[in-house]
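Each chain is listed here by its residues.
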Amino acid sequence: MGDERFIGSFTQQEPIPEAGIDSATEVLRHGRLHRYNLAGDEAGEVALLEEEFAAYTGARYCLAVASGGYAMACALRALGVAPGAPVLSNGFTLAPVPGAIAAVGARPVFVETTEQLTIDLDHLAAQAGAHPQARVLLLSHMRGHVADMEALMEVARAHDLTVVEDCAHTMGARWRGVPSGRHGAIGCYSTQTYKHMNSGEGGLIVTDDATLAARMILLSGSYMLYARHRAAPPPEAFEGLTAGIPNVSGRMDNLRAAILRPQLADLDARCAAWTERYRAVERGLAGTPGLRLVERPAAERFVGSSFQFLLPGWGAERIEALLGACAARGVELKWFGAEAPHGFTSRYAHWAYADPQPLPQTDRILAGLIDFRLPLTFSLADCAQIARILRQEVTRHAPGLAAE
Ligand SMILES: *Cc1c(COP(=O)(O)O)cnc(C)c1O
């Protein structure tokens, strides 16, 4: 009997719920796609989505925008991050994060990663000390791994850093019961196809700060129509701001919001389904020689929409052989240690617009870091099969075993 092969697609998300298709069709039929194109006393899908997402996260204010990348750049602009200013951020993240810093002309200053794949708080304190002009930490909860947020906020307070959270991979996650995106001053989310809600492209921003909310609404291109928002501060918060803030258009439209509202209603159930799949893979991989699982702290309610494991000390050739063997059996893995950026995977040394910065600890971890998505189109049996294939191939290729 030959080796079993997985036939599912790692990039196939679920269809849009019927209720979303129905309300999207309604928007298409009436044609009022622009968020401020409203008839009579209609609230509009975007304003309703903002109100519902604010309620979901417990935030006072919410703004829906064109992408997660736009959300982060908008947050940095609203905080007055100046061209040339250093902005602290994770060395282990994806390109839209340093890209948002570059979008405002600022300079990313990267912070090391721990084996839990979270930002290294000792190095954060060291970098904050070494770059006293840095006022902002753009914190990426990369691949859904949440740092110890009480300890992180302690470091931020000690260095007078404002925290902006990139929650592209933690929409629906919590740390000690607090929704991801609610520890920092501003939380940014993405509704791009590969995230936890899918409108193709899109982003959401939450904050409790009325002035920041007003600035971000004006930045997104609200003209003088901000009174049509529902999850916005009162008109007084906009006084004196309207002339000084440039319009950097990046609004969400009613079509995308119509698709997202039914998904938000299902978000917690979907997050639970992801985590069930994550746990199935984790169980199947436990105790595999040569493979290290990432420990998940009890305080973290994570969303298991992707899976990572470490192959410490394996070496590039052995990892490439493993990747090839798994791909031949239908399990497409991503490797953060690759020399050149592949698909969505890249690492800090590839972002040539950022100053070169040695991060030896991150290099060591990424050299053995393997990653794959767990779309909800996978069943629990699919997840168990993926784990079986991985377990066999890792065992075959592990240093000191059969492959040597
Ligand atoms: C996807 C992603 C974003 C936001 O991306 P957009 O495509 O601009 O919505 C931000 N951070 C991380 C880590 C991401 O993976």
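About the cut-offs
- Residues numbered from 1 in each chain as written.
- Predicted model: local features only at pLDDT ≥ 70, side-chain atom pairs only at ≥ 80, totals over all residues.
- Heavy atoms only, no water.
- Near = heavy atom within 4 Å.
- Polar contact = N/O pair within 3.5 Å; in protein donor to acceptor, adjacent residues only side chain to side chain.
- Areas by Shrake-Rupley, 256 points an atom, 1.4 Å probe, with all protein chains shown as cover.
- 1 Å grid on protein atoms, 1.4 Å probe; cavity = no way out; pocket = protein on both sides within 12 Å on 5 of 7 lines; lining within 4 Å.
- Sits in = over half its atoms within 2 Å of the grid points.
- Helix = DSSP H or I, 4+ residues; strand = E, 2+ residues; numbered from the N terminus.
- Pairing = 2+ DSSP bridges.
- Axes fitted to C-alpha atoms, helices over the stretch in contact; angles between N-to-C directions.
- Contact = heavy atoms within 4.5 Å.
- Domains from an automatic or database assignment.
- Buried area = accessible area lost by both parts, 1.4 Å probe.
- Salt bridge = Lys/Arg side-chain N within 4 Å of Asp/Glu carboxyl O.
- Nonpolar A, V, L, I, M, F, W, Y, C, P; charged D, E, K, R; others polar.

### So, the site of the ligand
Item 1. Surrounding the ligand, one finds 15 residues, the nearest of these being G68, G69, H169, S190 and K195.
Item 2. Taking Q192, its side chain carries an N or O atom lying 2.9 Å from an oxygen atom of the ligand.
Item 3. K195 is positioned with one of its side-chain polar atoms (N or O) 3.0 Å from an oxygen atom of the ligand.
Item 4. Notes on the ligand: free accessible area 380 Å², of which the protein chains cover 91%.
Item 5. Placement of the ligand is best described as lying within the largest pocket.
Item 6. Those elements giving two or more residues to the shell around the ligand turn out to be helix 3 (68–78) and helix 4 (96–103).
Item 7. With three residues, helix 3 is the single largest residue contributor to the shell around the ligand.

### Things to note about the sheet that holds strand 5 (residues 162–166)
Item 1. Strand order in this open sheet of seven strands is 1-9-8-5-4-2-3, and the pairing throughout is mixed. Looking at which strands have only one partner, the edges of the open sheet turn out to be strand 1 (61–65) and strand 3 (107–111). With direction set aside, neighbouring strand axes in the sheet form an average angle of 20°.
Item 2. One ladder, built from three bridges, connects strand 5 with strand 8 (residues 186–190); its direction is parallel. What sits directly across from D166, in strand 8, is C188.
Item 3. Those strands touched by helix 3 are strand 1, strand 4 (136–140), strand 5, strand 8 and strand 9 (203–207), and its axis lies near 160° from that of strand 8.

### Focus: the sheet that holds strand 10 (residues 292–293)
Item 1. Reading across the sheet, the four strands line up as 10-12-14-13 and stay open at both edges, with antiparallel pairing between neighbours. Edge positions in the sheet fall to strand 10 and strand 13 (334–335), since each of these pairs with one other strand and no more.
Item 2. Where strand 13 lies against strand 14 (residues 369–373), two bridges are found, and the strand directions are antiparallel. Along strand 14, the bridge assignment pairs W335 with I370.
Item 3. Across the face of the sheet, helix 9 (residues 267–285) comes into contact with strand 10, strand 12 (306–310) and strand 14 while running at roughly 25° to strand 12.

### What to know about the domain arrangement of the protein
Item 1. For the protein, the assigned domains read domain 1 (18–265) and domain 2 (267–403).
Item 2. Each side of the interface is counted separately: domain 1 has 41 residues, and domain 2 has 40 residues.
Item 3. Both faces considered, domain 1 and domain 2 share a buried interface measuring about 3400 Å² in area, 55% of it formed by carbon and sulfur atoms.
Item 4. It is E115, R143 and H196 in domain 1 that bury the most area against domain 2; as a group they hold 20% of the surface buried on that side.
Item 5. Counting the contacts that link domain 1 with domain 2 gives four salt bridges.
Item 6. Of the charged contacts in the structure, one is a salt bridge between E115 and R292, with a shortest N-O distance of 2.1 Å.
Item 7. Counting across the interface, domain 1 meets domain 2 through 24 residue pairs in polar contact (both at pLDDT 80 or more).
Item 8. Listed by contribution, the elements that provide at least two residues to the side of domain 1 that touches domain 2 are helix 4, strand 3, helix 5 (121–130), strand 6 (174–175) and helix 8 (254–265).
Item 9. Residue contributions to the side of domain 1 that touches domain 2 peak at five residues, all from strand 3.
Item 10. Split by residue class, the side of domain 1 that touches domain 2 holds 20 nonpolar, 13 polar and eight charged.

### Here we look at the side chain of R35
Item 1. Tracing the chain through its elements places R35 in the loop between helix 1 (18–30) and helix 2 (45–57).
Item 2. With sequence-adjacent residues up to four places away left out, R35 is seen in contact with V46, A47, E50, L63, A64, H229, R251, M252 and N254.

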